[in-house]
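Observations on chain architecture
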Amino acid sequence: MSTNWNNLLEKLPERLAPSMAKDHPNLPVVKEEGVYYFGVDKKKYLDFTSGIAVTNVGHRHPKIVQAIKDAADELTHGPIGVIQYESILKYADELANVMPGDLDCFFFGNSGTEAVEGALKLARHVKNKPYAISFTGGFHGRTLGSLSVSTSKAKYRKHQPVGASYQIPYYDPSDDEQVAIEKLDAQFNQLFAHAADVEEVACVIMEPVLGEGGYVIPPKRWVQRIREICNENDLLLIFDEVQTGFGRTGEWFASNLFDVVPDIMAIAKAMASGQPISATVAPHKLMQQWPLGSHATTYGGNPIACRAGLATLEILKEENLLQNAKEVGAYAAAQLDELKAKYPVIGSIRAVGLMIGIEIVHPESGEPDGELAMNILDRALEEGVLFYFCGNKGEVIRMIPPLTVTKEQVDDGLLMLGRALERATKKST
Ligand code: PLP
């Protein structure tokens, strides 16, 4: 595409809804490849965002590009039900092989939020009960159903009449395992005593590792205790693995980290390396309780996305990317610890695989400092590396590079982050 960029950037951004298009860093790019973006300014940028945890196999992996081309030569649209096609059947079968436990039946949608909508609807349908319990700080999407269980930021819910959910606090990283479990039991007991009739509750929904809410990694026993509480109270457990899936944590899913199999799972993001697809996943016997048409979609399981999904699974296995996420993730965390020792504005490093949160705190008060974090992100971009952010105040820098990233690329990126920290802290102190 030949483009007069100056003209476009001057006139057209206002055509895009600011609610989606004014995010950070809004870098104008012409191309993506591997772990890099190529800017309109002719600069090459190291990408530690993976398009928000989507391009786990690297941007425009040649096998993904080929799969998309091959698919488009045959079929560009389903819809499943009107027609049957090979890619959706094969993809569901291959996916079943990597899902935890007996999660083997798929409702395909197009986005993370749709996968969560499906999960909530399925749980309510099966249990014939209206309420869901979610965790404060959790993020599950922005459509009305998923929003009803999302509490990472109040602005998402402003003026939106959401309901039929209760919240309890997520794991507090300052608690040790024993205290955390005692608190968890007390919080559920209090909820059931004062606010929620347990007979009315269908499910508990959670991110096994908190994402948008600030990259918090709970202890294994805490997550396992939630599974037990669900069993004791006849509640379905939904894991939202939209962000944690497909190797991000060094395992296929965070469920594998905690040895917990949920009843229903929501997956999306990295599934097909950028092609829009998601899935609500449940054991066959649970999914069968949804009668024809009670939940359906026009685009879900699109043939191009399914072919890209099959190629993504292949690449993750062939290139041993889960192992790379573990190894390079541990390396990055160790390097970040060194930066932390040098820059006290780094409050904590929270890392599992290549899902890494760098908490930024105010140099004097030690309180979470979103403004400083944003300043560091801006400087890092000037240095040539993209990071994203999370946390209630935007105080956590997310480092989520493609799982293909090498130690050398981590070194490059962290050198640039170090320079950004130097510049940003000089200005702010
Ligand atoms: N759930 C989690 C854990 C997410 O991180 C996200 C997106 O960031 C969503 C759901 C929503 O996904 P989408 O933006 O594709 O609707």
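1. Some remarks on the domain arrangement of the chain
As assigned here, the chain comprises domain 1 (3-57 + 320-428) and domain 2 (64-318). One C-alpha centre belongs to domain 1, the other to domain 2; they are set 26 Å apart. Listed by partner, the interface residues are 29 residues for domain 1 and 32 residues for domain 2. Roughly 2,500 Å² of surface becomes buried between domain 1 and domain 2 when both sides are summed, with 61% attributable to carbon and sulfur atoms. The three residues of domain 1 that bury the most area against domain 2 are Val57, Leu322 and Met355, which together make up 27% of that side's buried surface. Here domain 1 and domain 2 share one salt bridge between them. In this structure, Lys326 and Glu251 form a salt bridge, with 3.6 Å as the shortest nitrogen-oxygen distance. At the junction of domain 1 and domain 2, the tally comes to 16 residue pairs in polar contact (both at pLDDT 80 or more). Those elements giving two or more residues to the side of domain 1 that touches domain 2 turn out to be α3 (50-53), α13 (321-342), β11 (346-352), β12 (355-360) and β15 (396-399). Here the side of domain 1 that touches domain 2 takes four residues from α13, the largest share from any one element. Residue classes in the side of domain 1 that touches domain 2 are distributed as 18 nonpolar, eight polar and three charged.

2. As for the pattern of salt bridges
This structure, assessed with the given rule, holds 24 salt bridges. The salt bridge partner of Lys426 is Glu422, with a shortest N-O separation of 3.6 Å. Of this pair, Lys426 and Glu422 both sit in helix α15 (residues 407-428), separated by four residues, roughly a single helical turn. The class for Lys426 is exposed, based on a relative accessible area of 60%. Since its relative accessible area comes to 31%, Glu422 is described here as partly exposed.

3. What to know about the site of the ligand
Every residue close to the ligand is listed here: Ser111, Gly112, Thr113, Phe139, His140, Gly141, Glu207, Asp240, Val242, Gln243 and Lys269. Separating a nitrogen atom of the ligand from a side-chain N or O atom of Asp240 is a distance of 2.7 Å. Between an oxygen atom of the ligand and a side-chain N or O atom of Lys269, the distance comes to 3.2 Å. The protein chains hide 82% of the 390 Å² of surface that the ligand would expose on its own. Broken down by class, the residue content of the shell around the ligand amounts to two nonpolar, six polar and three charged.

4. Let's talk about unusual backbone geometry
In the segment running from His24 into Pro25, the intervening peptide bond is cis, with an omega of 0°. When you line up the elements, Pro25 lands in the loop between α2 (18-21) and β1 (29-33). Backbone torsion omega between Gly78 and Pro79 reads -10°, so that peptide bond is classified as cis. Mapping Pro79 onto the fold places it in the loop between α4 (62-74) and α5 (86-98). Non-glycine residue Ala53 carries a positive phi angle of around 65°. Phi is positive for Asp234, close to 60°, though the residue is something other than glycine. Note that Asp234 resides in the loop between α9 (220-232) and β8 (236-240).

5. A closer look at the sheet that holds strand β7 (residues 201-206)
One open sheet accounts for seven strands, arranged β4-β10-β9-β8-β7-β5-β6; its pairing is mixed. Where the open sheet ends on each side, the last strands, each with one partner, are β4 (105-109) and β6 (165-169). Within the sheet, the average angular offset between the axes of one strand and its neighbour, ignoring direction, is 20°. As paired elements, β8 and strand β9 (residues 264-267) share three bridges and run parallel to each other. Bridged to Phe239 within β9 is Met265. Where helix α6 (residues 112-127) meets the sheet, its contacts fall on β4, β5 (131-136), β7, β8, β9 and β10 (278-282), and the angle it forms with β10 comes to roughly 25°. The strands touched by helix α8 (residues 177-194) are β5, β6 and β7; relative to β6, the strand with the most contacts, the crossing angle is about 150°.

6. What about the environment of Cys203?
Tracing the chain through its elements places Cys203 in strand β7. The spacing of Cys203 and Gly34 is 169 residues in sequence and 39 Å in space, taken between C-alpha atoms. Every residue in contact with Cys203, bar those within four places of it in the chain, is listed here: Leu120, Ala123, Tyr131, Ala132, Ile133, Leu235, Leu236 and Ile238.

7. Notes on the sheet that holds strand β2 (residues 36-39)
Across the sheet, which stays open at both edges, the four strands sit in the order β1-β2-β3-β13 with mixed pairing between neighbours. The open sheet has two free edges, formed respectively by β1 and β13 (385-386), since each of these has just one partner strand. Sheet topology note: the β1/β2 ladder contains four bridges and is antiparallel. Pairing of Val29 across the sheet is with Gly39, part of β2.

Rules behind the numbers
- Residues numbered from 1 in each chain as written.
- Predicted model: local features only at pLDDT ≥ 70, side-chain atom pairs only at ≥ 80, totals over all residues.
- Heavy atoms only, no water.
- Domains from an automatic or database assignment.
- Contact = heavy atoms within 4.5 Å.
- Buried area = accessible area lost by both parts, 1.4 Å probe.
- Salt bridge = Lys/Arg side-chain N within 4 Å of Asp/Glu carboxyl O.
- Polar contact = N/O pair within 3.5 Å; in protein donor to acceptor, adjacent residues only side chain to side chain.
- Helix = DSSP H or I, 4+ residues; strand = E, 2+ residues; numbered from the N terminus.
- Nonpolar A, V, L, I, M, F, W, Y, C, P; charged D, E, K, R; others polar.
- Buried < 20%, exposed > 50% of the residue type's maximum accessible area, 1.4 Å probe, protein only.
- Near = heavy atom within 4 Å.
- Areas by Shrake-Rupley, 256 points an atom, 1.4 Å probe, with all protein chains shown as cover.
- Pairing = 2+ DSSP bridges.
- Axes fitted to C-alpha atoms, helices over the stretch in contact; angles between N-to-C directions.

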